[in-house]
Amino acid sequence: MDPSDHPTPAAASGPPPAEVLRLHVPEPTGRPGHATDFSYLHLAKAGAARRPPVDTAPVDTFDLAYSLVRVLDDDGNAVGPWAAAEDPALLKRGLRAMMKTRIFDTRMQMAQRQKKVSFYMQCLGEEAIANAHALVLQPGDMCFPTYRQQGLLLARDDVPMASLMCQLMSNELDPLKGRQLPVMYSIKRAGFFSISGNLATQFIQAVGWAMASAIKGDTKVASAWIGDGATAESDFHTALTFAHVYRAPVVLNVVNNQWAISTFQAIAGGESTTFAARGVGCGIASLRVDGNDFLACLAASRWALERTRRNLGPALIEWVTYRGGAHSTADDPTRYRPGDDWQRFPLGDPITRLKLHLIANGQWTDADHDAAQRELEAEVLAAQKEAESHGTLLDGHIPPLETMFEDVYQTMPPHLRAQLAEVQAEVQAKTHAKEGARHGR
Ligand SMILES: Cc1ncc(C[n+]2csc(CCOP(=O)(O)OP(=O)(O)O)c2C)c(N)n1
Ligand SMILES: [Mg+2]
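Residues numbered from 1 in each chain as written. Chains lettered and ligands numbered in written order. Predicted model: local features only at pLDDT ≥ 70, side-chain atom pairs only at ≥ 80, totals over all residues.

This part covers the site of ligand 1. The environment of ligand 1 is formed by 16 residues, the closest being Leu 199, Gly 227, Gly 229, Ala 230 and Ala 260. Looking at side-chain class alone, the shell around ligand 1 contains 6 nonpolar, 6 polar and 4 charged residues. (Near = placed C-beta within 6 Å. Nonpolar A, V, L, I, M, F, W, Y, C, P; charged D, E, K, R; others polar.)

In structure tokens form, the structure reads like this:
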């Protein structure tokens, strides 16, 4: 029988056929062997984003949360409303700080391969963000960083590189006495709060610190740091609510480097919206900024920090950048993304772009750049030699055993004293046994 012979009872009056539901799982637009389509980034042209006054209402930054603040064009010219009359000396200082950060990272990565350091994390490709921000912060401000903001320290003159390296090498001069993972520095006088390995906690800590600064009637502000992936943690959203409600003097930095280990940023929620838009949705003035453009990084940091300093409320910045290297020394990114992805990333390399700008303005030459590179390589190498003279993981010059038990209480309580004595006796017995074996006893 022809099915069309059947009448279709109630078809006109019944509900429409139900559509089968589909779950959407975001996918990256590139995979190993298949070049990334970067059109997902929705970039704006240099100079296109407007610059609102620092006392603008949060809702009036809505368009900026979907645009991109950029200053440097492809020829190295500074264009548009965010371009400021920068002091060439400051820009050269920033360029050298970025170069130093990259050399430092390269050497420490190598030191890990040589087993002198147990673990390392580079910020390759992201150098402009922390280094520019550091030049705008004021003494006493407090950063709550994650593990890719070494530029906050390396841009400063008062943090010896050798001391950072001693921490990385867990040696006898490690200022943290082996109690933190390498790269998790803690330097209060440099405004660098201890890094929590538990991601996103930085955000609630920073907002709390900023609220305390306001309660005390102080003048210091906080700067919070988080990656795209870690914004998926509930701490991120809680921090935004508190920052908005109490107008906490805090800059909320979201570094969107496109990846969270092997997870693409879309999985944390960057696909149909932006991370900057989260801020506007919570009543926080927000900007989306080219994080590989040193001039845009300076200008946006100034705007946001001035806003917080003047009691105008918090500011959120999404820094659009690319993680040029592996997540850490324990990761191989060629397994989940194209090997040449960074070279093809449309926002380029922050060092090359600032160099081009300075050369275009007659303030720098290729010869200056080569000389600076040599000088900084020598400086980093000298710091490494000094740090290594106090030991590396290879030679066992580590902090003494008792440091495991110290600094928790003002005076060590009896149960810790007993544990220390126990472990000391154990070590002594082992050493004795080894010596005995060596002497054939
Ligand atoms: C609360 C928490 N969850 C998971 C981890 C494990 N982890 C360490 S780094 C990382 C990726 C974070 O990516 P993102 O926030 O984008 O920062 P990025 O590494 O890209 O700078 C993860 C999942 C962690 N340290 N803390
Ligand atoms: Mg990331």
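On domain assignment, one finds that the chain holds domain 1 (41-388) and domain 2 (402-438). Relative to domain 2, the C-alpha centre of domain 1 lies at a distance of 41 Å. (Domains from an automatic or database assignment.)

Our next topic: the environment of Gly 151. Positionally, Gly 151 belongs in helix 3 (residues 151-154). Exposure remark for Gly 151: the 28 C-beta atoms within 10 Å place this residue in the buried category. Spatially, the C-alpha atoms of Gly 151 and Ala 232 are 25 Å apart, while their sequence positions differ by 81 residues. If near-sequence neighbours (up to four positions away) are discounted, Gly 151 is found in contact with Ala 97, Thr 101, Cys 123, Glu 127, Ala 130, Asn 131 and Ala 134. (Helix = DSSP H or I, 4+ residues; strand = E, 2+ residues; numbered from the N terminus. Buried ≥ 20, exposed ≤ 12 C-beta atoms within 10 Å, placed from the backbone. Contact = placed C-beta atoms within 7 Å.)

On to the pairing of strand 6 (residues 285-290), then. In terms of burial, strand 6 is largely enclosed, as 6 of its 6 residues are buried. Side chains Ala 285, Leu 287 and Val 289 project from strand 6 onto one buried face, and the interleaved Ser 286, Arg 288 and Asp 290 project onto a second face that is buried too. Two strands pair when backbone bridges link them, and strand 6 and strand 7 (residues 315-320) are joined in this way by 6 bridges, in the parallel orientation. Of the residues in strand 7, the one forming a bridge with Arg 288 is Glu 318. (Pairing = 2+ DSSP bridges.)

Our next topic: the sheet that holds strand 1 (residues 142-144). Within the open sheet, the 5 strands sit side by side as 1-2-3-7-6. Their pairing is parallel. Unpaired on one side and paired on the other, strand 1 and strand 6 mark the two borders of the sheet. Shown here is a sheet whose adjacent strand axes are inclined to one another by a mean of 20°, direction ignored. (Axes fitted to C-alpha atoms, helices over the stretch in contact; angles between N-to-C directions.)

Further remarks concern the nonpolar core. Phe 203, Val 207, Ala 224, Val 250, Val 289 and Ala 300 are the most contacted members of the largest nonpolar core, which has 105 residues in total. If one sorts the elements of this core by residue count, helix 8 (residues 294-309) sits on top with 10 residues. Ignoring sequence-local partners within four residues, the contact set of Phe 203 consists of Ala 224, Ile 226, Asp 235, Phe 236, Ala 239 and Leu 252. (Core = buried A, V, L, I, M, F, W, Y, C linked by C-beta atoms within 7 Å.)

Turning to helix 10 (residues 350-360), a few remarks are in order. An α-helical turn contains 3.6 residues, so a residue and the one three or four places further along point in the same direction. Looking only at helix 10, the buried set comprises Pro 350, Ile 351, Arg 353, Leu 354, Lys 355, His 357 and Leu 358. If you follow the buried residues of helix 10, they end up packed against helix 1 (88-113), helix 2 (127-136), helix 8 and helix 11 (366-388). Phi turns positive one or two residues past the end of helix 10, at Gly 362, with a value near 70°.

Turning our eyes to something else, we now look at the environment of Trp 319. As for its position among the elements, Trp 319 is in strand 7. The class for Trp 319 is buried, based on 30 C-beta atoms found within 10 Å. Separated by 30 residues in the primary sequence, Trp 319 and Val 289 have C-alpha atoms spaced 5.0 Å apart. Apart from residues no more than four positions distant in its own chain, Trp 319 is found in contact with Ile 129, Asn 253, Val 254, Val 255, Asn 256, Val 289 and Gly 291.

Now for helix 6 (residues 234-245). With 12 residues, helix 6 extends 17 Å between its outermost C-alpha atoms, agreeing within 8% with the 16 Å of an ideal straight helix rising 1.5 Å per residue. Of the positions making up helix 6, those classed as buried are Asp 235, Phe 236, Ala 239, Leu 240 and Ala 243. Taken down its axis, helix 6 places every buried residue within 140° of arc, on the same side. Away from the buried face of helix 6 by more than 90 degrees, exposed residues Ser 234 and Val 245 are located. Lining the buried residues of helix 6 we find helix 5 (201-215), strand 2 (222-227), strand 3 (250-256) and helix 7 (275-281). (Expected span 1.5 Å × (residues − 1). Arc of directions from axis to C-beta.)

Moving on to the environment of Thr 241. Structurally, the position occupied by Thr 241 is in helix 6. With 37 residues separating them in the primary sequence, Thr 241 and Ile 204 have C-alpha atoms 10.0 Å apart.

Where helix 5 meets helix 6, the closest approach of the two axes is 7 Å, and the angle between their N-to-C directions is 20°. With respect to their mutual orientation, helix 5 and helix 6 come out roughly parallel. The crossing of helix 5 and helix 6 is left-handed. Counted together, Thr 201, Phe 203, Ile 204 and Val 207 of helix 5 and Asp 235, Phe 236, Thr 238, Ala 239, Phe 242 and Ala 243 of helix 6 form the full contact between these two elements. Per-class residue counts for the contact of helix 5 with helix 6 are 7 nonpolar, 2 polar and 1 charged. (Parallel < 35°, antiparallel > 145°, perpendicular 65-115°, else oblique. Left-handed = near helix turned anticlockwise from the far one by under 90°.)

Right, let's talk about unusual backbone geometry for a bit. For Ala 200, which is not glycine, the phi dihedral falls at a positive 80°. A tally of 23 C-beta atoms within 10 Å means that Ala 200 is categorised as buried. Unusually for a residue other than glycine, Arg 247 sits at a positive phi of about 45°. Mapped onto the fold, Arg 247 is located in the loop between helix 6 and strand 3. For Arg 247, a count of 17 C-beta atoms within 10 Å corresponds to the partly exposed category.

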